[in-house]
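The lines below spell out each chain.
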Amino acid sequence: MDILDEKKIGKDKLKALELAEDSRETEWKMPSFVAELFQGRVRWDLIMPFPAQSEEDKKIGDQLLDQVERALKKHLDPNEVDRTGEMPQAAIQALADLKLFAMKIPKEYGGLGLSQTNYNRVCHLVASYCASTAVWLSAHQSIGVPQPLILYGTEEQKKKYCPQFAKGAISAFALTEPDVGSDPAKMKTTAVPDADGKHFTLNGLKLWCTNGTVADIMVVMAQTPPKIVKGRERQQITAFIVEKNMPGVEVVHRCRFMGLNGIQNGLLKFSNVKVPRENIILGEGKGLKLALTTLNTGRLTMPASVTGASKYCLKAVRQWANERHQWGSAIGKHEAVASKIATITATIFAMDAVSWMTSAMADNKRYDIRLEAAMAKLCCTEASWKIVDGAIQIRGGRGYETADSLKARGEKAYPFERIMRDSRINTIIEGTSQIMRLFIAREAMDSHVRKIMPIMSPKTKMGERFALMAKAFGFYALWYPKQFIGLDALPSGVAIPRELRGHMQYVSKTSRRLARNLFHAMMVYQQKLEAKQLIMSRLVNVGTDLFAIASSCSYAISQSADKGAVELADLFCRQARGRIHRQFSRLWKNDDAQACRVADNALNDKYAWLEDGIIFTED
Ligand SMILES: Cc1cc2nc3c(=O)[nH]c(=O)nc-3n(C[C@H](O)[C@H](O)[C@H](O)COP(=O)(O)OP(=O)(O)OC[C@H]3O[C@@H](n4cnc5c(N)ncnc54)[C@H](O)[C@@H]3O)c2cc1C
């Protein structure tokens, strides 16, 4: 990022980009299917055969799932949680008794030591029943203290905190502030080292901290004193383990939302909280890196959870579409409804494929999953929102009615109204869809950035620049033609059903089209590409759908023939290819410039007259 010019992009943006760059994992030590895809290469060997869960691991998961289901049905009514905004103490105790607050804590520290797949299976099950409960569990261990502790905690930290989770202690993750959403560079919470260097004094406000109002232990991100790197001051964000009982920790407000009424989410204040230096996780200035690497696996809970909730919608919609007769037949027989049901079914099949593929990759530990996890989060949360919307449409007026009201009238109380309210947040938390696309785009371009950016940097000396240019030329002289004339090789030794062959060849062919368009975009826009979000989003959308197509084909091939998985994959692939076609058709010829101009004018009040005749309140 040495080439970014503060005068051109502004001080704040430079600061944000520098911090993001400093926090990136720079190395690609392990292979990534998606990173290769953006390079025009399809490594089928990385995703085929579909990585099935071992029988032994599955058995562990099956037993736990059975216990969780029984405990939930006994102690928790999701509609009551929604109505009262409180989680029954008996339910929390039941979850703690099953050690669900220590699912990912290794057995040696008293936890269940579950694989990522089994942990995600639990979240998938819980989310299909009660989203608030799923968030209690996932905020605690996908982003809260357990995950960073397992990955980067010192032995002392693990010994001190892990057993507490096994006894039901709850944790939270505090990054967001009133002025800090997607852009952590604006962080105001500070942690200043004391003169003796043994403690840091923490001051600041943290917003929307899930579990924050009840958490015993939390990870808090704070600015520690800046460091000079290559002659320039660089912000340092550090992750601290903070205990609720430390003097100066205060819950100022419990936040309430459109949905997820049972979660305990708060505005927290830290006033001169003395945090011991040994409570730093990973190291001073490494807080954002910690958050990013933690989220690589932490993020996988979200796809599994939304897939669980989507499956509830499918089951309820199927029942309803068979039961409800209008205009002489079951509504599911009318083409307009049938096509919705088909799309929901095929999409859920693909969500399953992506969720379990990425979970298995995380368990395998021989993949770099940063791109796959971000794509899984992006595509599953966006798909699930459309599924909920489609399901409500199929339910008609009853989709809009609350479960309590339906029940009071003696009807089946499918809680679509609550599911919709609970679901809306999923494309916002743990990285908004827009930020996910920016993250994926940056990582997708990484190999080009490494080769090309040093050539453009004013700091590169002339002799060095020529050497770099020669090296890059040597690479691209071979790489570029391959993006036009490569082979669409299919994996050998795999029996590929006829219906899927074309889709798999399409993945190969289109990955090359994607790679060359990504390269063209870099060449055309160079430093300005960072601001060309719409072009980059289209390329990311293409890559994401290609990953979903590839995962779905692999998943379908792994299923027994009688299940109809091939026809589900086939329909999903056809629909995804339609989306990809639309993205490419608008890649270079589009109305982006006009849209940005209208947005500018709108923000500058030019069309304020459109808002005449309304009542507008802000209080
Ligand atoms: C129910 C709930 C639970 C939460 N739990 C936690 C938690 O446990 N811990 C925690 O730390 N935080 C939590 N959050 C905060 C959540 O992670 C943030 O809401 C999220 O990161 C987005 O930040 P923001 O809302 O401030 O939006 P902003 O960052 O202000 O963004 C607003 C809009 O602008 C877009 N945008 C922003 N920057 C860009 C850009 N560069 N390019 C394109 N588009 C951009 C965003 O995509 C979004 O659409 C929670 C929030 C909610 C509502």
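Residues numbered from 1 in each chain as written. Predicted model: local features only at pLDDT ≥ 70, side-chain atom pairs only at ≥ 80, totals over all residues. Heavy atoms only, no water.

## Let's talk about the overall build of the chain
No. 1: Looking only at helices and strands, the chain has 24 helices and ten strands in total.
No. 2: Side-chain charges of the chain comprise 86 positive and 68 negative groups, with the mean position of each set lying 4 Å from the other. (Helix = DSSP H or I, 4+ residues; strand = E, 2+ residues; numbered from the N terminus. Lys, Arg positive; Asp, Glu negative; His and termini not counted. Charge placed at Lys NZ, Arg CZ, Asp CG, Glu CD.)

## Some remarks on the packing of aromatic side chains
No. 1: For the coordinates displayed, the defined rule picks out 14 aromatic pairs.
No. 2: With a centroid separation of 5.5 Å and 70° between ring planes, the pair formed by tryptophan 479 and phenylalanine 519 is classed as edge-to-face. Here tryptophan 479, found in helix H20 (residues 462–485), pairs with phenylalanine 519, found in helix H21 (residues 498–525); they are 40 residues apart in sequence, far enough to count as distant.
No. 3: Among the residues examined, tryptophan 479 registers a relative accessible area of 5% and is labelled buried.
No. 4: By the ring-pair criterion, three or more aromatic residues cluster together here, those being Phe475, Tyr476, Trp479, Tyr480, Phe484 and Phe519.
No. 5: In this structure, arginine 395 is placed above the aromatic ring of tryptophan 320, and the distance from its NZ or CZ to the ring centre is 4.6 Å.
No. 6: Lying across the ring of tyrosine 506, arginine 577 places its NZ or CZ 4.1 Å from the centre. (Phe/Tyr/Trp six-rings, centres within 6.5 Å; stacked < 30°, edge-to-face > 60°. Buried < 20%, exposed > 50% of the residue type's maximum accessible area, 1.4 Å probe, protein only. Lys NZ or Arg CZ within 6 Å of the ring centre and 35° of its normal.)

## Focus: the domain arrangement of the chain
No. 1: By the assigned domains, the chain splits into domain 1 (55–166), domain 2 (171–285), domain 3 (296–440) and domain 4 (442–599).
No. 2: A separation of 26 Å is found between the C-alpha centroids of domain 3 and domain 4.
No. 3: The interface is formed by 23 residues belonging to domain 3 together with 22 residues belonging to domain 4.
No. 4: Interface area for domain 3 against domain 4, summed over the two sides, is near 2000 Å², with a carbon-plus-sulfur share of 75%.
No. 5: In terms of surface lost to domain 4, no three residues of domain 3 exceed Phe349, Met375 and Arg437, which account for 30% of the buried area on that side.
No. 6: At the surface where domain 3 touches domain 4, the tally comes to one salt bridge.
No. 7: For glutamate 443, the salt bridge identified is with arginine 370, shortest N-O distance 3.0 Å. (Domains from an automatic or database assignment. Contact = heavy atoms within 4.5 Å. Buried area = accessible area lost by both parts, 1.4 Å probe. Salt bridge = Lys/Arg side-chain N within 4 Å of Asp/Glu carboxyl O.)

## Some points on the packing of helix H12 (residues 301–323) against helix H13 (residues 335–364)
No. 1: At a minimum axis distance of 10 Å, the contact between H12 and H13 shows a crossing angle of 155°. In terms of orientation, H12 and H13 fall into the roughly antiparallel class. The two elements H12 and H13 cross, and the hand of that crossing is left-handed. From H12, Pro303, Ala304, Val306, Thr307, Ser310, Lys311, Leu314, Val317 and Ala321 reach across to H13, where they touch Ile341, Ile344, Thr345, Ile348, Met351, Asp352, Ser355 and Trp356.
No. 2: Looking at the contact of H12 with H13, its residues break down into eleven nonpolar, four polar and two charged. (Axes fitted to C-alpha atoms, helices over the stretch in contact; angles between N-to-C directions. Parallel < 35°, antiparallel > 145°, perpendicular 65-115°, else oblique. Left-handed = near helix turned anticlockwise from the far one by under 90°. Nonpolar A, V, L, I, M, F, W, Y, C, P; charged D, E, K, R; others polar.)

## So, the site of the ligand
No. 1: The immediate surroundings of the ligand are formed by 20 residues, with Phe173, Thr176, Ser182, Thr210 and Thr432 found nearest.
No. 2: A distance of 2.9 Å is found between an oxygen atom of the ligand and a backbone nitrogen or oxygen belonging to leucine 175.
No. 3: Here the ligand has 970 Å² of accessible area as a free molecule, and 68% of this is covered by the chains.
No. 4: For the shell around the ligand, the secondary structure elements donating two or more residues are strand S1 (171–174), strand S3 (199–210) and helix H18 (433–444).
No. 5: A class-by-class count of the residues in the shell around the ligand yields twelve nonpolar, eight polar and no charged.
No. 6: Taken domain by domain, the makeup of the shell around the ligand includes at least three residues from each of domain 2 (171–285) and domain 3 (296–440). (Near = heavy atom within 4 Å. Polar contact = N/O pair within 3.5 Å; in protein donor to acceptor, adjacent residues only side chain to side chain. Areas by Shrake-Rupley, 256 points an atom, 1.4 Å probe, with all protein chains shown as cover.)

## Here's the deal with helix H6 (residues 89–97)
No. 1: The complete set of buried residues in H6 reads Ala91, Ile92, Ala94, Leu95 and Ala96.
No. 2: Packing partners of the buried residues in H6 comprise helix H4 (55–75), helix H8 (131–143) and helix H10 (155–166).
No. 3: Positive phi shows up at lysine 99, right after H6, with a value of about 60°.

## Description of the packing of helix H14 (residues 370–395) against helix H17 (residues 416–423)
No. 1: Packing of H14 against H17 brings their axes to within 10 Å, and their N-to-C directions diverge by 160°. Taken together, H14 and H17 sit at an angle that is classed as roughly antiparallel. The way H14 lies across H17 gives a crossing that is left-handed. In this structure, H14 contributes Trp385, Val388, Asp389, Ala391, Ile392 and Arg395 to the contact, and H17 contributes Phe416, Ile419, Met420 and Ser423.
No. 2: Residue composition of the contact of H14 with H17, by class: seven nonpolar, one polar and two charged.

## Some thoughts on the pattern of salt bridges
No. 1: Under the definition given, this model contains 38 salt bridges.
No. 2: The residue lysine 412 makes a salt bridge to glutamate 323 at a minimum N-O spacing of 2.7 Å. Of the two residues, lysine 412 sits in the loop between helix H16 (403–408) and H17 while glutamate 323 sits in helix H12, which places them 89 residues apart along the sequence.
No. 3: Using a relative accessible area of 42% as the deciding quantity, one classes lysine 412 as partly exposed.
No. 4: Its relative accessible area of 42% is what places glutamate 323 among the partly exposed residues.
No. 5: Notably, a salt bridge pairs aspartate 591 with arginine 586, separated by 3.4 Å at the nearest N-O pair.
No. 6: The class for arginine 586 is partly exposed, based on a relative accessible area of 35%.
No. 7: Three or more residues joined by partner-sharing salt bridges are found here, namely Glu21, Arg24, Asp368, Arg370, Arg442, Glu443, Asp446 and Arg450.

## What to know about unusual backbone geometry
No. 1: That bond from methionine 48 to proline 49 is cis: its omega, -5°, falls within 30 degrees of zero.
No. 2: Its location among the elements puts proline 49 in the loop between helix H3 (33–37) and H4.
No. 3: For asparagine 272, which is not glycine, the phi dihedral falls at a positive 50°.
No. 4: Looking at the element boundaries, asparagine 272 is found in strand S7 (residues 265–276).
No. 5: Under the relative-accessibility criterion, asparagine 272 is labelled exposed at 51%.
No. 6: Here the phi dihedral of aspartate 605 falls at roughly 70°; this positive angle occurs in a residue that is not glycine.
No. 7: Structurally, the position occupied by aspartate 605 is in the segment after helix H24 (592–603).
No. 8: Under the relative-accessibility criterion, aspartate 605 is labelled exposed at 57%.

## So, the side chain of arginine 442
No. 1: Within the element layout of this structure, arginine 442 appears in helix H18.
No. 2: Reaching out from arginine 442, the side chain makes a polar contact with the side chain of glutamate 21 at a distance of 2.7 Å.

## Quick look at the pairing of S7
No. 1: In this sheet, S7 lies alongside S3 in antiparallel orientation, the contact comprising nine bridges. The residue of S7 that forms the bridge with cysteine 209 is glycine 266.
No. 2: Pairing geometry for strand S6 (residues 249–254) and S7, over five bridges, is antiparallel. Bridging from a neighbouring strand, histidine 253 pairs with leucine 267 of S7. (Pairing = 2+ DSSP bridges.)

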